[in-house]
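Examination of the molecular architecture
Listed here are the chains, written in short residue letters.
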Amino acid sequence: VRHFIEPNSFSLDEQLRLLNLADRMEADPAPYAHLCDGRILATLFYEPSTRTRLSFESAMLRLGGKTLGFAGAQLSSASKGETVEDTARVVSNYADVIAMRHPKEGAPLRASLSARVPVINAGDGGHAHPSQTMIDLMTIRQRKGRLDHLTIGFCGDLKFGRTVHSLTAALSQFEGNRFVFISPEDLRLPQYVKAESLAPTHQVYKETADLEAELPHLDVLYMTRIQQERFFNEEEYLRLKGCYQLDEALLQKAPADMPVLHPLPRIDEIKKDVDDDPRAAYFDQVHNGVYIRMAIILAVLGIPDPVTGKKVLDH
Ligand code: CP
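Residues numbered from 1 in each chain as written. Predicted model: local features only at pLDDT ≥ 70, side-chain atom pairs only at ≥ 80, totals over all residues. Heavy atoms only, no water.

Per an unreviewed UniProt entry, the protein chain goes by the name Aspartate carbamoyltransferase and belongs to Faecalibacterium langellae.

Across the sheet, which stays open at both edges, the four strands sit in the order S2-S1-S3-S4 with parallel pairing between neighbours. Among the strands making up the open sheet, the edge pair consists of strand S2 (66-71) and strand S4 (119-124). Across the sheet, the mean angle from the axis of one strand to that of its neighbour is 10°, orientation sign disregarded. Where strand S3 (residues 97-102) lies against S4, four bridges are found, and the strand directions are parallel. In the strand pairing of S4, His-102 is matched with Asp-124. The sheet strands contacting helix H3 (residues 84-91) are strand S1 (40-45) and S3, and the helix crosses S3 at an angle near 155°. (Pairing = 2+ DSSP bridges. Helix = DSSP H or I, 4+ residues; strand = E, 2+ residues; numbered from the N terminus. Axes fitted to C-alpha atoms, helices over the stretch in contact; angles between N-to-C directions. Contact = heavy atoms within 4.5 Å.)

Look at helix H1 (residues 12-27) against helix H5 (residues 130-144): their axes get within 10 Å of each other, and the N-to-C directions meet at 70°. The orientation of H1 with respect to H5, classified from their angle, is roughly perpendicular. Remark: the crossing between H1 and H5 carries right-handed chirality. Judged by residue contacts, Gln-15, Leu-16, Leu-18, Leu-19, Asn-20, Ala-22, Asp-23 and Glu-26 of H1 engage Met-134, Leu-137, Met-138, Arg-141 and Gln-142 from H5. Of the residues contributing to the contact of H1 with H5, the split by class is seven nonpolar, three polar and three charged. (Parallel < 35°, antiparallel > 145°, perpendicular 65-115°, else oblique. Left-handed = near helix turned anticlockwise from the far one by under 90°. Nonpolar A, V, L, I, M, F, W, Y, C, P; charged D, E, K, R; others polar.)

The next point concerns the pairing of strand S7 (residues 204-208). Looking at chain direction, strand S6 (residues 178-182) and S7 are connected through five bridges and run parallel. Counterpart to Val-180 in the pairing with S7 is Lys-206. Once you follow S6 into helix H7 (residues 191-198) and on to S7, the crossover reads as right-handed. (Right-handed = clockwise from strand over helix to strand, strands pointing away.)

Around the ligand, the neighbouring residues are Ser-49, Thr-50, Arg-51, Thr-52, Arg-101, His-129, Gln-132, Pro-263 and Leu-264. A distance of 2.9 Å separates an oxygen atom of the ligand from a polar atom in the side chain of Arg-51. Note that an oxygen atom of the ligand is positioned 2.9 Å from one of the side-chain N or O atoms of Arg-101. Split into classes, the residues belonging to the shell around the ligand amount to two nonpolar, five polar and two charged. (Near = heavy atom within 4 Å. Polar contact = N/O pair within 3.5 Å; in protein donor to acceptor, adjacent residues only side chain to side chain.)

The interhelical angle for the contact between H5 and helix H11 (residues 282-301), taken along N-to-C directions, is 120°, at an axis separation of 8 Å. As the angle between them shows, H5 and H11 are arranged oblique. You can see that H5 and H11 cross each other, and the crossing is right-handed. Taken together, the residues of H11 that come into contact with H5 (itself represented by Ser-131, Gln-132, Met-134, Ile-135, Asp-136, Met-138, Thr-139, Gln-142 and Arg-143) are Asp-284, Gln-285, Asn-288, Gly-289, Tyr-291, Ile-292, Arg-293 and Ile-296. Of the residues assigned to the contact of H5 with H11, the class counts are six nonpolar, seven polar and four charged.

Moving on to H7. Among the residues of H7, those classed as buried are Val-193, Lys-194, Ser-197 and Leu-198. The buried residues of H7 occupy an angular sector of 100° when the element is viewed end-on, so they sit on one face. Exposed and facing more than 90 degrees away from the buried side of H7 are Gln-191 and Glu-196. Where H7 is buried, its residues touch helix H6 (162-171), S6 and S7. (Buried < 20%, exposed > 50% of the residue type's maximum accessible area, 1.4 Å probe, protein only. Arc of directions from axis to C-beta.)

Structure follows, in structure tokens:
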């Protein structure tokens, strides 16, 4: 059984095949409409979500499958103290694949150790969000035509932002990328992400607090929300919230072909007037989410692409 817990749960070749499959499904979904007939996806969401849960469910329905699950731990037996290990083992009897979101880092990995079916990490605490990363890669490739030799600015809450951690890991696999981490001192990228993702391949990176000064030099800007739910004290959140606000006036300092990505939801870090700018790519990400999640489901279930006859995963 292959699980998808972090971007590098899949090899680089496998990730690229997954992106290509998502592109083919976006261009023409018809050949894929019945590939999951008779299969069931369980969405076990212990933490709030709009995009990830609904797009996983939409993806399974568009593949001809069915879904079940819970949204909110209080409606499951987790509220009585059941462990994720037991829950995953139990749900393996009800579903063919599990997508799990959990506030605790490592919970989907623990679930995968006792599950009898593939487990997809749909976001674990401040750690990782690999399916979002595949969406981000698909969107960057559509906008820039490549995933290498890019200068990528990550801005906002880089400490708790799991999408930043996973996308940094994924983009580190490609040659010639430069990373600019833009955040307040207190919300810098964790050391473990630098050690695991940037250090092994000697990635070039810079840390700064000044978004305006960096904007003219970026190929891609990845904005993030300050993650209120991960702060230990409210005072600290109130001090840092609103620290970056991208509006149309500020965006004029950026290159004309610099896409602005954001995993959403946003609070005030991207103003509404940016939505009509052609550089705004965050609703493209939402659109791509369904195709990426269709591709992930087919990948972990080992179902070949009927167009190419090939599977995404090697084994
Ligand atoms: N991008 C993302 O994970 O959004 P949700 O929290 O709404 O799933």
